[in-house]
Amino acid sequence: MWTKRWLPLVMLGLIVPGVLNPVDAQQPVKEQKKTFEADKGPSTIDVSNYPQEMRENYRVFVMRCRTCHPLARPINSNYYGSEWKAYVQQMIRKPGSGINPRNGEKIIEFLIYDSKVRKKGKTASIREEKP
Ligand code: HEC
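Residues numbered from 1 in each chain as written. Predicted model: local features only at pLDDT ≥ 70, side-chain atom pairs only at ≥ 80, totals over all residues.

Asker: Even after reading the chapter, I still don't get the overall build of the protein chain, so can you show me in this structure?
Answerer: What the protein chain contains, in helices and strands, is six helices and zero strands. From first element to last, N terminus to C terminus, the protein chain shows the α and β order α-α-α-α-α-α. Counting over 131 residues, the protein chain shows a buried share of 15%. Residue pairs in contact within the protein chain that sit at least 24 positions apart in sequence constitute 77% of those at least 6 positions apart. (Helix = DSSP H or I, 4+ residues; strand = E, 2+ residues; numbered from the N terminus. Buried ≥ 20, exposed ≤ 12 C-beta atoms within 10 Å, placed from the backbone. Contact = placed C-beta atoms within 7 Å.)

Laid out in structure tokens, this is it:
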């Protein structure tokens, strides 16, 4: 039976490439460190002319949205109106976000309002520079 004699070689052929080429198993996957231009912009919003409710929502936003990255990131990201909804929900879902749905709603309301009233000249250009 020739198959019996060749079997070990066939097996070897299956194993060897795996040994020689161990799919980078040892190397940790390089963390993709994205840089956010927005992080370099201002880190506060002047809400003194905003309605009372939006000023309160702003405080929730400040408290909740700076735990993982600079507050400048959302402040200088030029998302508009309801676009913010998806981003806030994405942040809420991140492990350890500490943002409950109620606060999430307040933050969304704030960011939608803010995106419509704030002049974002500088940040608009940041957005455009993105690939
Ligand atoms: C649990 C950690 C965490 C919290 C809390 C958090 N973020 Fe983020 N955020 C991230 C990470 C990580 C990224 C990098 C991009 C990604 O992984 O989605 C990011 C990216 C962003 C971006 C850039 C997205 C893009 O691709 O342009 C915006 C805007 C943003 N966050 C807004 C917020 C807002 C608003 C809040 C508060 C509701 C918030 N983040 C709270 C972790 C967090």
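Asker: Where do I start with helix H5 (residues 101–117) in this structure?
Answerer: In an α-helix, one turn spans 3.6 residues; hence positions three or four apart end up facing the same way. Compared with an ideal rise of 1.5 Å per residue, which puts 17 residues at 24 Å, H5 spans 24 Å between its outermost C-alpha atoms and is within 8% of the ideal. Taken together, the buried positions of H5 are Lys-106, Ile-107, Ile-108, Phe-110, Leu-111 and Asp-114. Packed against the buried residues of H5 are helix H2 (52–64), helix H3 (72–75) and helix H4 (83–93). (Expected span 1.5 Å × (residues − 1).)

Asker: What should I look at first to understand the site of the ligand in this one?
Answerer: The ligand sits among 18 residues. The nearest are Cys-65, Cys-68, Pro-74, Met-91 and Lys-94. Going through the elements one at a time, H3 and H4 are the ones with two or more residues in the shell around the ligand. Examining the composition of the shell around the ligand, we find that four residues originate from one element, H4, more than from any other. (Near = placed C-beta within 6 Å.)

Asker: I'm lost on the packing of H2 against H5 in this one. Help?
Answerer: A pair of packed helices can be characterised by two numbers: the angle between their axes and the separation between those axes. The geometry of H2 relative to H5 is characterised by a closest axis approach of 8 Å and an angle of 115° between their N-to-C directions. Compared by their axis directions, H2 and H5 come out roughly perpendicular. As for how H2 packs across H5, the hand of that crossing is left-handed. Between H2, through Met-54, Asn-57, Tyr-58, Val-60, Phe-61 and Arg-64, and H5, the contact on the second element is made entirely by Asn-103, Lys-106, Ile-107, Glu-109, Phe-110 and Tyr-113. Looking at the contact of H2 with H5 residue by residue, the classes come out as seven nonpolar, two polar and three charged. (Axes fitted to C-alpha atoms, helices over the stretch in contact; angles between N-to-C directions. Parallel < 35°, antiparallel > 145°, perpendicular 65-115°, else oblique. Left-handed = near helix turned anticlockwise from the far one by under 90°. Nonpolar A, V, L, I, M, F, W, Y, C, P; charged D, E, K, R; others polar.)

Asker: Can you walk me through the nonpolar core in this structure?
Answerer: Inside soluble globular proteins, nonpolar side chains tend to come together where they are buried. With ten residues, the main nonpolar core is built from Val-47, Tyr-58, Phe-61, Cys-65, Trp-84, Val-88, Ile-107, Ile-108, Phe-110 and Leu-111. Broken down by element, the residue count for this core peaks at four residues, all from H5. Setting aside chain neighbours within four positions, we find Leu-111 in contact with Pro-74, Trp-84 and Val-88. (Core = buried A, V, L, I, M, F, W, Y, C linked by C-beta atoms within 7 Å.)

Asker: Just to check I follow, could you spell out the environment of Gly-81 for this structure?
Answerer: Within the fold, Gly-81 resides in the loop between H3 and H4. The class for Gly-81 is exposed, based on 11 C-beta atoms found within 10 Å. Spatially, the C-alpha atom of Gly-81 lies 8.5 Å from that of Asp-114, the residues being 33 residues apart in sequence. Residues contacting Gly-81, with those up to four places away along its chain left out, are Ile-112, Ser-115 and Lys-116.

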